[in-house]
Amino acid sequence: MLAEISALLAPIAAAIGYSSYKARQFEHVYPNIGELTDIGGYRMNAVHVPCPDAADLPPLVFIHGASGNLLDQIGAFREPLQARAEMLFVDRPGHGYSERGGPENALPSGQADAIAKLMEKRGIEKAVIVGHSFGGAIAAAFGVRHPEKTAGLLFLAPASHPWPGGIDWYYHVATTPVVGWLFNHAIVVPLGLRRLERSTLNVFHPNPRPRDYVAKTGPSLVLRPRAFYNNATDFKRLHEYLTANAPHYSEISAPTVIITGDRDEIVWEHLHSRGLARDIRGSELVVVRGLGHKPDYLATDVAIAAMEKIAGQPRDLAAIARKAEERLAGASLDQTVGTVPPSIVYSAP
């Protein structure tokens with residue numbers, strides 16, 4: 001009997017050991033470039049770009065989506081905005097290198113409150129809040145709960161409303177007692193690494209993924225057991241949260257722009273972005289034809305023009321979006337961009 005038990009446990013122990021080794025390797029390849037700040041019992045991680053002398057934009061706070069970390073939004077926006085604004089790129093609670101904090105941080109409202117506390121610690125009184133995908137739910141919560149800190153809201157392919165259907169199977173497994181622990185510590189890393197290439201292509205579909213995207217943004221960090229568990233928990237709580245809180249979007253009064261693609265198969269444009277445009281009075285919806293789920297990378301010029309418009313500068317966002325559409329239509333397709341199945345790393349929203 002002992003031999004049989006040993007034979008059963010040996011491969012499990014080996015898988016856990018391999019996953020632990022790979023998790024340390026992920027952190028070696030993608031070390032923390034931010035700074036941890038105690039916001040009251042736990043620490044939030046962020047990269048803070050101080051206000052430049054010639055700033056022409058208000059402070060900007062960037063919130064990444066599901067399965068991500070602050071490197072994603074840094075890759076899109078830090079360089080083009082470096083000399084124009086104070087910026088705060090945030091690892092959401094329990095993601096990247098931020099600590100999770102209390103159970104309230106499994107909800108967008110808790111994460112919005114955490115970002116508000118971090119802003120206070122960083123001396124940022126008011127900012128334009130930029131949320132991509134899942135980060136859109138947090139940006140919306142921020143606008144509702146912290147209007148005095150909200151100079152404006154920019155939603156990029158946001159997840160904002162309850163959707164029909166459920167969530168992927170692995171989120172349920174990852175959050176199941178005992179079985180979930182084994183899954184997160186033994187299975188997620190090898191399975192996720194096998195699907196990492198396809199999953200990141202899927203996020204950009206039908207557009208080409210930048211060749212250096214994976215190397216620069218550290219998507220493998222989400223495969224670490226605790227990060228994967230936190231990501232799964234966020235997903236499991238999201239539908240119920242949005243059902244209860246989407247009706248409060250009408251309370252938002254800050255200048256708001258929503259940018260989405262009509263080819264987004266991760267977060268549906270007709271449900272989420274159009275829903276926000278309906279619910280937030282005075283908001284502007286910009287639909288970029290031919291664009292998938294990554295306006296931050298593939299319509300960066302439209303997003304920056306939206307920041308400028310929120311700041312009071314005259315900008316014809318529709319005209320700028322048309323130029324982006326022409327660029328997308330002529331983009332090189334010299335890499336595999338075909339439809340790929342959902343992945344264990346990235347999934348709606």
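Residues numbered from 1 in each chain as written. Predicted model: local features only at pLDDT ≥ 70, side-chain atom pairs only at ≥ 80, totals over all residues. Heavy atoms only, no water.

Caption draft 1: Region of the structure containing the nonpolar core. With 91 residues, the main nonpolar core has Phe77, Leu154 and Ile259 as its most contacted residues. In contact with Ile259, other than residues within four places in its own chain, are Leu154, Phe155, Leu156, Ala157, Pro158, Val286, Val288, Pro295, Val302, Ala303 and Ala306. (Core = buried A, V, L, I, M, F, W, Y, C linked by side-chain atoms within 4.5 Å. Buried < 20%, exposed > 50% of the residue type's maximum accessible area, 1.4 Å probe, protein only. Contact = heavy atoms within 4.5 Å.)

Caption draft 2: Geometry of helix α9 (residues 269–279). Along α9, the residues that are buried comprise Glu269, His272, Ser273, Gly275, Leu276 and Asp279. Residues of α9 that are buried make contact with β6 (150–156), β7 (256–261) and β8 (284–288). (Helix = DSSP H or I, 4+ residues; strand = E, 2+ residues; numbered from the N terminus.)

Caption draft 3: Representation of the pattern of salt bridges. Counting across every chain of the model gives 20 salt bridges. Two residues, Arg92 and Asp234, come together in a salt bridge whose shortest N-O distance is 3.3 Å. Note that Arg92 is positioned in the loop between β4 (87–90) and α3 (108–121) and Asp234 in helix α8 (residues 225–245), a separation of 142 residues in sequence. You'll find Arg92 and Asp234 in the same group, each marked buried. Between Arg315 and Glu308 there is a salt bridge whose closest N-O contact spans 2.6 Å. The class of Arg315 is partly exposed, set by a relative accessible area of 29%. Through salt bridges with shared partners, a single network forms among Asp56, Arg84, Glu308 and Arg315. (Salt bridge = Lys/Arg side-chain N within 4 Å of Asp/Glu carboxyl O.)

Caption draft 4: Local environment of helix α6 (residues 179–204). In this model, α6 (26 residues) spans only 32 Å end to end at C-alpha, well below the 38 Å of a helix rising 1.5 Å per residue. At Leu196, α6 shows its largest kink, close to 55°. (Expected span 1.5 Å × (residues − 1). Bend = angle between axes of the 7 residues up to and from the residue.)

Caption draft 5: Expanded view of the sheet that holds strand β1 (residues 35–38). One open sheet accounts for eight strands, arranged β1-β2-β4-β3-β5-β6-β7-β8; its pairing is mixed. A strand with exactly one partner marks an edge of an open sheet, and here the two such strands are β1 and β8. For this sheet, the mean inter-axis angle between neighbouring strands, taken without regard to orientation, is 25°. Looking at chain direction, strand β2 (residues 43–49) and β4 are connected through four bridges and run antiparallel. Its bridge partner lying in β4, Val49 is registered against Met87. Contacting β3 (60–63), β5 (127–132), β6, β7 and β8, helix α11 (residues 300–310) runs over the sheet at an angle of about 160° to β6. (Pairing = 2+ DSSP bridges. Axes fitted to C-alpha atoms, helices over the stretch in contact; angles between N-to-C directions.)

Caption draft 6: Up close: the pairing of β6. With six of seven residues buried, β6 is to be regarded as a mostly interior element. Relative to β6, β5 runs parallel, the two being bridged by six bridges. Along β6, the bridge assignment pairs Gly131 with Phe155. Alignment of β6 against β7, held across four bridges, turns out to be parallel. Looking at the pairing, Leu154 lines up with Val257 of β7.

Caption draft 7: Representation of a nonpolar patch on the surface. On the surface, a cluster of nonpolar side chains totalling about 460 Å² of accessible area is made up of Ile12, Val178, Val179, Trp181 and Leu182. Inspection of the secondary structure assignment puts Leu182 in helix α6. (Patch = residues over 30% accessible without salt bridge, like charges linked within 9 Å, V, L, I, M, F, W, Y side chains within 5 Å. Areas by Shrake-Rupley, 256 points an atom, 1.4 Å probe, with all protein chains shown as cover.)

Caption draft 8: Examining the packing of helix α4 (residues 134–145) against α8 more closely. For the pair α4 and α8, the least separation of the axes is 12 Å and the interaxial angle reads 45°. With respect to α8, the element α4 is oriented oblique. In terms of crossing hand, the pair formed by α4 and α8 is left-handed. Mapping the contact onto sequence places Phe134, Ala137 and Ala141 in α4 and Asp234, Phe235, Leu238, Tyr241 and Leu242 in α8. Of the residues assigned to the contact of α4 with α8, the class counts are seven nonpolar, no polar and one charged. (Parallel < 35°, antiparallel > 145°, perpendicular 65-115°, else oblique. Left-handed = near helix turned anticlockwise from the far one by under 90°. Nonpolar A, V, L, I, M, F, W, Y, C, P; charged D, E, K, R; others polar.)

Caption draft 9: Expanded view of the pairing of β5. Judged by how many residues are buried, β5 sits mostly within the fold: six of six residues are covered. Burial along β5 is two-sided: Ala127, Ile129 and Gly131 facing one way and Val128, Val130 and His132 facing the other are all buried. Bridge analysis of β3 against β5 gives four bridges, and the strand direction is parallel. Among the inter-strand pairings, Ile63 is bridged to a residue of β5, identified as Gly131. Regarding the hand of the β-α-β motif, the stretch spanning β5, α4 and β6 is right-handed. (Right-handed = clockwise from strand over helix to strand, strands pointing away.)

Caption draft 10: Seen up close, the confidence of the model for the protein chain. When pLDDT is averaged along the protein chain, the result is 93, and 92% of the positions lie at 70 or above. Every residue in residues 332–348 scores below 50 in pLDDT, and together they form 51 contacts with partners more than four places removed in sequence or on other chains. (pLDDT = per-residue confidence, 0-100.)

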